[in-house]
Amino acid sequence: MTEELRTDAMHDPPSSKGQEVQRTFNKITDYYDRMNRLMTLGRHAAWCRDVAVSTKVPSGGSMLDVATGTGVIALAALEKYPNSTIHAVDFSERMLTEAASKPGASAIMWQHADANDLPFGDESFDAVTHGYLLRNVDDVERVLEEQYRVLKPGGRVVILETCPPRGLLRYPVTLGVRVLIPLLGQMVARDRESYAYLQKSTLGFMTPQEVVAILRRVGFASIAWKKKFFGTHMIISAQKAVAFGESR
Ligand SMILES: C[S@@+](CC[C@H](N)C(=O)[O-])C[C@H]1O[C@@H](n2cnc3c(N)ncnc32)[C@H](O)[C@@H]1O
């Protein structure tokens, strides 16, 4: 694998929802980081650092960031674990090109790939991360199974995702998300439609408990989660079981 962007790893074309998602992210690449900073009041970078720290990649270990987008988690991981090998994949070529152009990015192996069909062997990585991937896929369980496959026994998955707000804040926050995200999309990116999709997928995604239930079915253990940002974001970590007689 080399430092340049590899584009030969997509086997099958994405599903029709996948193609729609791919088109959306190819379209909003130029505004992605700026919009993210605005929509999260600058918190996104700190959550990505939190995700990177939670992977606990051992010295000289390896990590895969799936749906890396503009590479914020992968770059945070590189800063935290400079001696590790970091791979990052996404199926949007434009997002990957943007990621690969950032300072320090040449130390990361960027690759064009679909989260449903990762181009890596079984038990390749000490950790897998992803931010805002699950709400964009057809089958969350299949995507998590694929991550389980490429993780070494004892390896960790760390997930950053949106979740529907609950409790007292549910109605004001829901209203805020419904109005503000498409409005910002219109004002900053001149693209209300793409951000209307993001608003819908944010509010329509699963609760932490629902994601945890799927992680358990897939085989993950030691699952922990916390909510962020008025209950609209969650960070979940889980570990692949260690085979009997092995230790980590
Ligand atoms: C909202 S962005 C998140 C980027 C980054 N993880 C972050 O936290 O800023 C979602 C990314 O997921 C990618 N994506 C969605 N579905 C995917 C799939 N099936 N395979 C690979 N990438 C996917 C999109 O292309 C996009 O770059």
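Residues numbered from 1 in each chain as written. Predicted model: local features only at pLDDT ≥ 70, side-chain atom pairs only at ≥ 80, totals over all residues. Heavy atoms only, no water.

1. Quick look at the site of the ligand
Condition: Think of it this way: one heavy atom of a residue within 4 Å of a molecule or strand is enough to make that residue near it. We define a polar contact as two N or O atoms separated by no more than 3.5 Å, with the added condition that, inside protein, one atom must be a possible hydrogen donor and the other a possible acceptor, whereas residues neighbouring each other in sequence contribute only through side-chain atom pairs. Residue burial considers only the protein chains on display, and all accessible areas are found by Shrake-Rupley using a 1.4 Å probe. Segments assigned H or I by DSSP are reported as helices when at least four residues long, segments assigned E as strands when at least two residues long, and all are numbered from the N terminus. Amino acids are sorted into nonpolar (Ala, Val, Leu, Ile, Met, Phe, Trp, Tyr, Cys and Pro), charged (Asp, Glu, Lys and Arg) and polar (every other residue, Gly among them).
By nearness alone, 20 residues border the ligand, and Y32, A67, D90, A115 and G131 come closest of all. At 2.8 Å from a nitrogen atom of the ligand is found a main-chain nitrogen or oxygen belonging to A67. Contact between the ligand and G131: a nitrogen atom at 3.0 Å from a main-chain N or O atom of the residue. Calculation on the ligand without its partners gives an accessible area of 590 Å², and the protein chains cover 99% of this total. When residues of the shell around the ligand are assigned to their parent elements, the largest contribution, four residues, is made by helix α1 (residues 16-39). Grouping the constituent residues of the shell around the ligand by class yields 10 nonpolar, eight polar and two charged.

2. A few points about the nonpolar core
Cut-off, in case you're wondering: As used in this record, nonpolar core signifies buried Ala, Val, Leu, Ile, Met, Phe, Trp, Tyr and Cys residues forming a set joined through side-chain atoms within 4.5 Å. The buried label applies to any residue whose accessible area, calculated with a 1.4 Å probe on protein chains only, is under 20% of its type's maximum; exposed applies above 50%, and partly exposed to all values in between.
Residues L64 and L215 are the most contacted members of the largest nonpolar core, which totals 30 residues. Put simply, the parts of the chain that give this core at least two residues each are β1 (62-66), β4 (125-131), α5 (140-150), β5 (151-162), α8 (208-218) and β7 (233-240). The element that contributes the greatest number of residues to this core is α5, accounting for five residues. In terms of nonpolar packing, the next biggest core, distinct from the first, is built from 24 residues, V21, I28, I181 and L198 among them.

3. Notes on the pattern of salt bridges
As a reminder, the rule being used: Between Lys or Arg on one side and Asp or Glu on the other, a salt bridge is scored when a side-chain nitrogen of the former is within 4 Å of a carboxyl oxygen of the latter.
Considering all chains together, one arrives at 11 salt bridges under this definition. Taking the shortest distance from any N to any O, the salt bridge between D50 and K228 comes out at 3.3 Å. You can see D50 sitting in helix α2 (residues 44-54) and its partner K228 sitting in strand β6 (residues 220-228), a full 178 residues away along the chain. Take D50: its relative accessible area is 17%, and that puts it in the buried class. The exposure class assigned to K228 is partly exposed, which follows from its relative accessible area of 21%. Close ionic contact of R149 with E146 constitutes a salt bridge, the shortest N to O distance being 3.0 Å. Taken together, the residues R149 and E146, both in helix α5 and three residues apart, mark about one turn of the helix. For R149, a relative accessible area of 24% puts it in the partly exposed group. Of the residues examined, E146 reaches a relative accessible area of 11% and is grouped as buried.

4. Description of the packing of aromatic side chains
Rules: Whether two aromatic rings pair depends on their centres lying within 6.5 Å, for rings of Phe, Tyr and Trp, where Trp uses its six-membered ring; planes under 30 degrees apart make the pair stacked, over 60 edge-to-face, and the rest tilted.
Counting across every chain of the model gives five aromatic pairs. Judged by centre distance (5.3 Å) and plane angle (65 degrees), the ring pair of W47 and F229 falls under edge-to-face. Of the two residues, W47 sits in helix α2 while F229 sits in the loop between β6 and β7, which places them 182 residues apart along the sequence. Between F229 and F230 the ring centres are 5.3 Å apart and the planes differ by 45 degrees, which places this aromatic pair in the tilted class. An aromatic cluster of at least three residues, connected via ring pairs, comprises W47, F229 and F230.

5. Focus on the sheet that holds β6
Working definition: the strands of a sheet are paired by backbone hydrogen bonds and lie parallel or antiparallel to each other. Put simply, the rule reads: Here, any two strands with at least 2 DSSP bridges between them count as paired. Only the contacting stretch of a helix is used when fitting its axis, a line to C-alpha atoms as for every element, and angles between N-to-C directions run 0 to 180 degrees. In what follows, a contact means two residues having at least one pair of non-hydrogen atoms within 4.5 Å.
Pairing in this open sheet of seven strands is mixed, and the strands run β3-β2-β1-β4-β5-β7-β6 from one edge to the other. Since the sheet does not close on itself, it has two edges, and those belong to β3 (109-112) and β6, each with one partner. With direction set aside, neighbouring strand axes in the sheet form an average angle of 15 degrees. Strands β1, β4, β5, β6 and β7 of the sheet are contacted by α5, whose axis makes an angle of about 145 degrees with β5.

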